[in-house]
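Reading the structure
Residue strings, one per chain:
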Amino acid sequence: MERHHRRINGTKRRKLIAAYKLPGAPGTPATLPLDTEDDCNAAVVNNGVISFAEGLSGLNREYIRKSYLLASSYVSDVLKVHRGTEAWYDEFIKVMVSLGWLPVRSSFERVSRAGRGLTVQLTALNIIGAMLASMSMSGPLLSLLPKLAADALETLKQLPASFDLFKRNSSVHQGGDFGVASCAETNGEVMMVLVTYSSHGVSKQVGLPFLEWDSSSFEAFSGQTCLVLNTSVVNEQTLQLMRDSAGDKVQSAIAKYRI
């Protein structure tokens, strides 16, 4: 079912960011290393894998990482909403809207079971491609987003420390829950295409990370959204508020890497 949201003005957004303080975040502004000067075009953020097309500035990449970190952590750790559910997805989108993102499309639905042998990873990537196709979106950058997401996942598997972080964060009791997103900047706006994929109450497929499970062997649900951010909201003041609210989780829940 489609969701509809309205933008939030800058003053209210800054107040909300300050209110989204995560457990363990200091009461006074934290002194943390800046997160902007790098050439990394992918990152694990909590249970999500986010990739960035060429042309996104370091400031915008940091805003994307901090947005996902704050929204996913706040809903899970502060609101205590059960991960992988429609309620979690709805609250996550609400926080993203508070952070300046506007969903041009948003839905949560049961995943149709494909033929046996199609992995969770391929199923999630197919959902990204199908969503972009259904929105009739075009352009050289946007057409690269599904491949960018696929490359980010494949590269991640070759990075033991980052992959271990992702596996820990995407594991839930008797199942798995993760997000995969690709981002690009066009005409002064940042676009994030995001798919969440979750399943609960199924026996683990021994020896395999959730990405490699046979997706036809259990019921799964997916949140699907295309979020747009006007880059005029991205500035050092807002980012500092996000760093302060995130606290130590900036170091413990983010692993940047290069595809």
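Sequence order as written defines residue numbering, which begins from 1 separately in each chain. Reporting in this predicted model follows two pLDDT cut-offs: at least 70 for local features of residues, and 80 or more for side-chain atom pairs to be given and counted; totals over whole chains, interfaces and linings ignore these cut-offs and use all residues. By convention in this description, side-chain values take in all heavy atoms of the structure and omit both hydrogens and water.

**Details of unusual backbone geometry**
- The residue Lys-80 is not glycine, and still its phi comes out positive at about 60°.
- Looking at the secondary structure, you find Lys-80 in the loop between α2 (58-78) and α3 (86-98).
- Three labels apply to residues, based on accessible area from a 1.4 Å probe with only protein chains included: buried if under 20% of the type maximum, exposed if over 50%, partly exposed otherwise in between. In this structure Lys-80 comes out as exposed when scored by relative accessible area, which is 63%.
- Positive phi, close to 50°, is recorded for Asn-187, a residue that is not glycine.
- Counting from the N terminus, the helices are DSSP H or I runs at least four residues long and the strands are E runs at least two residues long. By secondary structure assignment, the location of Asn-187 is in the loop between β5 (175-186) and β6 (189-199).
- On the accessibility criterion, Asn-187 (80% relative accessible area) is exposed.

**Considering the confidence of the model for the protein**
- As a per-residue measure, pLDDT tells how confident the predictor is, with possible values from 0 to 100. Summary statistics for the protein give a mean pLDDT of 87 and a share of 88% for residues scoring 70 or more.
- Within the protein, the element-level pLDDT minimum falls on helix α5 (residues 140-143), averaging 74, and the maximum on strand β2 (residues 48-52), averaging 98.
- Here, two residues are considered to be in contact whenever any of their heavy atoms come within 4.5 Å of each other. In this model, residues 28-32 is a region of pLDDT below 50 whose contacts with residues beyond four sequence positions or in other chains number seven contacts.

**Remarks on the side chain of Asp-177**
- Position of Asp-177 among the secondary structure elements: in strand β5.
- Take Asp-177: its relative accessible area is 5%, and that puts it in the buried class.
- Definition of a polar contact: a pair of N or O atoms within 3.5 Å, with one able to donate and the other able to accept a hydrogen when the atoms are protein atoms, and with sequence-neighbouring residues admitted only if both atoms are side-chain atoms. Polar side-chain contacts of Asp-177 include one of 3.0 Å to the side chain of Arg-83.
- Not counting residues up to four positions away in its chain, the partners in contact with Asp-177 are Asn-47, Arg-83, Gly-84, Asn-169, Ser-170, Val-172, Tyr-197, Ser-198 and Phe-210.

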